[in-house]
Amino acid sequence: MPPTTPGTGSASASGPALFGSAAGELTVGGVPASLIAERAGGTPLFAYDRKLVVERVAAVREALPAGVKLSYAVKANPMPALLHHMSTLVDGFDVASSGEMLAALDTGVPGARIAFAGPGKTAAELRQAVAAGVLVELESAGELDRVRAAGAALGVRPRVAVRVNPPFAVHGSGMRMGGGPQQFGVDAEQVPELLAEIARDTSGPGAVGFEGFHVFAGSQNLSAESICRAQRETVALVAELAEHAPAPVRYLNLGGGFGIPYSARDVPLDPRPIGENLAELLETTVRRALPQARPVIELGRYLVGEAGVYLTRVVDRKESRGTTYLVVDGGLHHQLAATGNLGRALRRNYPIAVAGHAAGTGGAGRSGEPTETVDVVGCLCTPLDLLGRAVELPRAEPGALIAVFQAGAYGLTASPTAFLGHPAPRELLL
Ligand SMILES: *Cc1c(COP(=O)(O)O)cnc(C)c1O
């Protein structure tokens, strides 16, 4: 410590700068890295800082206009303790499988505050969702048939919304999930037909209750301007589609897609202009065309991504033809995204630092300490397992702890844990 901070020049602290330190060691939730490792019974591990999550949610709420609901996308990090923590902070959960749905319900949040999106929901999953009173976000006409069947079988009226694949894409999204042909949602031009189909049966045993629309067009966006434009286009689109709806639109899920900085080139996103844009939309189009709508912003990565670090220990230090390698006990089987193998065209280092040394051997290096250039590699027998290329770190011997930041979202949950047969890492919420 201190490592380089991505996006310096922005007002808001992000990544490594969010965490504290004590006696030269990184702390998470106030606990020094070496003690976190001892508490967990060893490395590698993920440590999440509950206070940082509280602060991030508060910052988003402060930016958003009153009356906008905030929902957490469980996919980003489904750790049960984190979900419980989240359940006290947000208005609802977005889930994308029955497993996530059950985890969300376990927190005590009622089904009424859970929305279930995602392609390929099975008949069994739809039945579970209907039984739990969860809002089903229809991704196709076939899904409407299956959800009707579930409702008829259970004698429960399913709650549905239509997930729309908009005609536009969101510029600057790291991961595009709308515009053009998609496996997600119903193409906007097909939505009136689907709405007519929903309206065809509103009182029989296969009737469903229509609540509104969901448009989620992209993820990992660092441009407030692009997000604002997408929200304007989304509200205009929903206002048009609402004219075909069998009931007033009460649910208006505008997606999210707020990104976080992963490399030194990324500038952190400021949510305030997005909130201002949204306030204007609420005063104009929403008030006029969708007066009963409760807007929802759904976020995963932005709420938890920066609150987590992956801690792994140096096992070996070796030189190979001029390159110094720090070989650590973790790797891509736990933190695939940091190795650039999860949906990144260009590999860039995540922020990485020496977090501490083996218990009782002193701090992690103070500022001003000389650094060296090293490659930090994981313990898997594949060249893909590269956590940091040519990073500047204080000298680290075997036993030192390495922290890989921005690990709170799409870390363990998005990694091939079975690859190479190493044990699963611990996850701690501190
Ligand atoms: C993945 C996903 C999210 C969460 O995206 P983040 O980038 O983590 O905020 C939200 N909504 C839907 C429908 C998703 O598929």
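If you're wondering where the values come from, they're calculated on a predicted model, not measured in any experiment. (Residues numbered from 1 in each chain as written. Predicted model: local features only at pLDDT ≥ 70, side-chain atom pairs only at ≥ 80, totals over all residues. Heavy atoms only, no water.)

An account of helix H1 (residues 33–40) is requested, with residue identities and associated values reported.
Listed in full, the buried residues belonging to H1 are Ala33, Ser34, Ile36, Ala37 and Ala40. With its buried residues spanning 160° around the axis, H1 presents them on a single face. Positive backbone phi, at 85°, marks Gly41, one or two positions downstream of H1. (Buried < 20%, exposed > 50% of the residue type's maximum accessible area, 1.4 Å probe, protein only. Helix = DSSP H or I, 4+ residues; strand = E, 2+ residues; numbered from the N terminus. Arc of directions from axis to C-beta.)

Tell me about the sheet that holds strand S1 (residues 20–22), and please be specific about residues and values.
With respect to topology, three strands assemble into an open sheet ordered S1-S2-S3, the strand pairing being antiparallel. Both edges of this open sheet fall to S1 and strand S3 (31–32), since each of them pairs with a single strand only. Pairing geometry for strand S2 (residues 25–28) and S3, over two bridges, is antiparallel. Counted as the bridge partner of Thr27 is Pro32 from S3. (Pairing = 2+ DSSP bridges.)

Explain the site of the ligand residue by residue, including any values.
Neighbouring the ligand are 13 residues; Lys75, Ser219, Glu298, Arg301 and Tyr410 lie closest to it. In the environment of the ligand, an oxygen atom lies 2.5 Å from a nitrogen or oxygen atom belonging to the side chain of Ser219. Gly300 places a main-chain nitrogen or oxygen 2.9 Å from an oxygen atom of the ligand. Protein contact buries 94% of the 390 Å² of open area that the ligand shows by itself. Assessed atom by atom at 2 Å from the grid points, the ligand resides in the largest pocket. Put simply, the parts of the chain that give the shell around the ligand at least two residues each are strand S13 (218–221) and strand S15 (294–299). A per-class count over the shell around the ligand returns five nonpolar, four polar and four charged. (Near = heavy atom within 4 Å. Polar contact = N/O pair within 3.5 Å; in protein donor to acceptor, adjacent residues only side chain to side chain. Areas by Shrake-Rupley, 256 points an atom, 1.4 Å probe, with all protein chains shown as cover. 1 Å grid on protein atoms, 1.4 Å probe; cavity = no way out; pocket = protein on both sides within 12 Å on 5 of 7 lines; lining within 4 Å. Sits in = over half its atoms within 2 Å of the grid points. Nonpolar A, V, L, I, M, F, W, Y, C, P; charged D, E, K, R; others polar.)

Outline the UniProt feature "domain: Orn/DAP/Arg decarboxylase 2 N-terminal" (unreviewed entry) in the protein, listing residues and values.
As recorded in UniProt, the sites labelled "domain: Orn/DAP/Arg decarboxylase 2 N-terminal" (unreviewed entry) are residues 52–304. For residues 52–304, the helix share is 41%, the strand share is 20%, and the end-to-end C-alpha distance is 8 Å. (UniProt positions renumbered as here; feature names shortened; annotations may be inferred.)

Can you explain the side chain of Glu100? Please cite residues and give values.
Mapped onto the fold, Glu100 is located in helix H4 (residues 98–106). In this structure, Glu100 is buried with no salt-bridge partner, the nearest side chain bearing the opposite charge being Lys75 at 7.4 Å. Of note is the side chain of Glu100, whose polar atom sits 3.5 Å from the backbone nitrogen of Lys75. When sequence neighbours within four positions are dropped, the list of residues in contact with Glu100 reads Val74, Lys75, Asp94 and Val95. (Lys, Arg positive; Asp, Glu negative; His and termini not counted. Salt bridge = Lys/Arg side-chain N within 4 Å of Asp/Glu carboxyl O. Contact = heavy atoms within 4.5 Å.)

A description of the pairing of strand S4 (residues 45–48) should follow, citing residues and the corresponding values.
Burial of the side chains of S4 extends over both faces: Leu45 and Ala47 are buried on one face and Phe46 and Tyr48 on the other. Pairing geometry for S4 and strand S16 (residues 308–320), over four bridges, is antiparallel. By the bridge assignment for S16, Ala47 is matched with Val309. Direction of pairing for S4 relative to strand S22 (residues 426–429): parallel, over a ladder of four bridges. Paired with Leu45 across the bridge in S22 is Arg426.

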